[in-house]
Amino acid sequence: MSEYCSQCTAGTLSEEHLIHLLQEQNRQLESDAKCKTFNRGTSENGTKNGEAETEELAVAWLDLMKRWDGNARKKLKSPVDKLIDRGVPNDLRALVWMVLANESNKSHLRLAYPQLIEKSSPCEKLIRRDICRTYPEHKFFKEQGQEALFNVIKAYSLHDKEVGYCQGSPFIVGILLLQMPEEEAFCVLVELMEHYRMREFFKPSMRELSLNLYVLSELIQVRFI
């Protein structure tokens, strides 16, 4: 988990400190051997421009997050879309994802989470079977990450019994766990499933998934063939 992640949950990160973190991350990347090989032809001026652009993007995201509230989804949709096109700095991903998912209003889910992971789920054997195949080469999931992955997926299978557990969901949960603690990952997952309608892809009939695959196929036909 990033240094930023632990601090963002405590609400102690200032814009100046964020910029410091981003600069430190850039220095670490530049000292990495692989990164040096990749950037061998990059000029010093280009590196400085890249750092300035990253800092400017981070400040833009922070400014937008300060203006975000429960009624801001439609009002700020255009600025959010433009910033998403530019990307989310790694040190800000936990904050941005939690804010956009309205995670701060999910206190009832955070309170329910410890109780859910203590219960038994009829999906447990299937979950155990699949989580070892989720990002198997990633260090985090070779160590404590597998148990966190199991907990979040099991909790969701109990929270939404119609969906239960479906293969494919561990990869979504895994990405969340790389950025935030279990409880927050569970809250964001619920919001993704319910507000952003991802649960429609994971229902037993998978009708919404089939429909979207059909639409994608037709768009590819029109655009590229």
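Keep in mind that what you see is a predicted model, and the values were worked out from it rather than measured.

Let's talk about the overall build of the chain
1) Next: Counting its secondary structure elements, the chain contains 15 helices and zero strands.
2) Next: Burial statistics for the chain: of 225 residues in total, 38% are counted as buried.
3) Next: For the chain, the proportion of contacts with a sequence separation of at least 24, taken over those separated by at least 6, is 71%.
4) Next: Put simply, the chain shows about 13700 Å² of open surface, and 54% of that area lies on carbon and sulfur atoms.

Examining empty space enclosed by the protein
1) Next: Taken as a whole and judged by the stated rule, the model has one cavity of 30 Å³ or more.
2) Next: Its boundaries defined by the atoms lining it, the largest cavity holds a volume of some 60 Å³.
3) Next: If you go around the largest cavity, the residues you meet are Ile153, Tyr156, Val163, Gly164, Tyr165, Cys166, Ser169, Val173, Leu189 and Met193.
4) Next: When its residues are assigned to classes, the lining of the largest cavity shows eight nonpolar, two polar and no charged.

With respect to the side chain of arginine 199
1) Next: Following the sequence through the fold, arginine 199 ends up in helix H14 (residues 199-202).
2) Next: On the accessibility criterion, arginine 199 (14% relative accessible area) is buried.
3) Next: Of the polar contacts made by the side chain of arginine 199, one reaches the side chain of glutamate 162; its length is 3.0 Å.
4) Next: When residues no more than four places from it in sequence are discounted, the contact partners of arginine 199 are Tyr156, Asp160, Glu162, Val163, Met193 and Glu194.

A word on helix H12 (residues 169-177)
The periodicity of an α-helix, 3.6 residues per turn, causes residues three or four positions apart to be oriented the same way.
1) Next: Along H12, seven of the nine residues are buried, which leaves the element largely enclosed by surrounding structure.
2) Next: The set of residues buried in H12 consists of Ser169, Pro170, Ile172, Val173, Gly174, Leu176 and Leu177.
3) Next: Contact partners of the buried residues in H12: helix H7 (93-100), helix H10 (139-142), helix H11 (145-159), helix H13 (182-194) and H14.

Digging into unusual backbone geometry
The general pattern is negative phi for most residues beyond glycine and trans for most peptide bonds.
1) Next: In this structure, arginine 197 is a non-glycine residue whose phi angle is positive, near 65°.
2) Next: Within the secondary structure layout, arginine 197 lies in the loop between H13 and H14.
3) Next: Notably, methionine 206 is not glycine yet its phi reads approximately 55°, a positive angle.
4) Next: By secondary structure assignment, the location of methionine 206 is in the loop between H14 and helix H15 (207-224).
5) Next: What makes methionine 206 partly exposed here is its relative accessible area of 29%.

Reading guide: rules and limits
Residues numbered from 1 in each chain as written. Predicted model: local features only at pLDDT ≥ 70, side-chain atom pairs only at ≥ 80, totals over all residues. Heavy atoms only, no water. Helix = DSSP H or I, 4+ residues; strand = E, 2+ residues; numbered from the N terminus. Buried < 20%, exposed > 50% of the residue type's maximum accessible area, 1.4 Å probe, protein only. Contact = heavy atoms within 4.5 Å. Areas by Shrake-Rupley, 256 points an atom, 1.4 Å probe, with all protein chains shown as cover. 1 Å grid on protein atoms, 1.4 Å probe; cavity = no way out; pocket = protein on both sides within 12 Å on 5 of 7 lines; lining within 4 Å. Points joined across faces, edges and corners; volume = space filled by probe spheres on them. Nonpolar A, V, L, I, M, F, W, Y, C, P; charged D, E, K, R; others polar. Polar contact = N/O pair within 3.5 Å; in protein donor to acceptor, adjacent residues only side chain to side chain.

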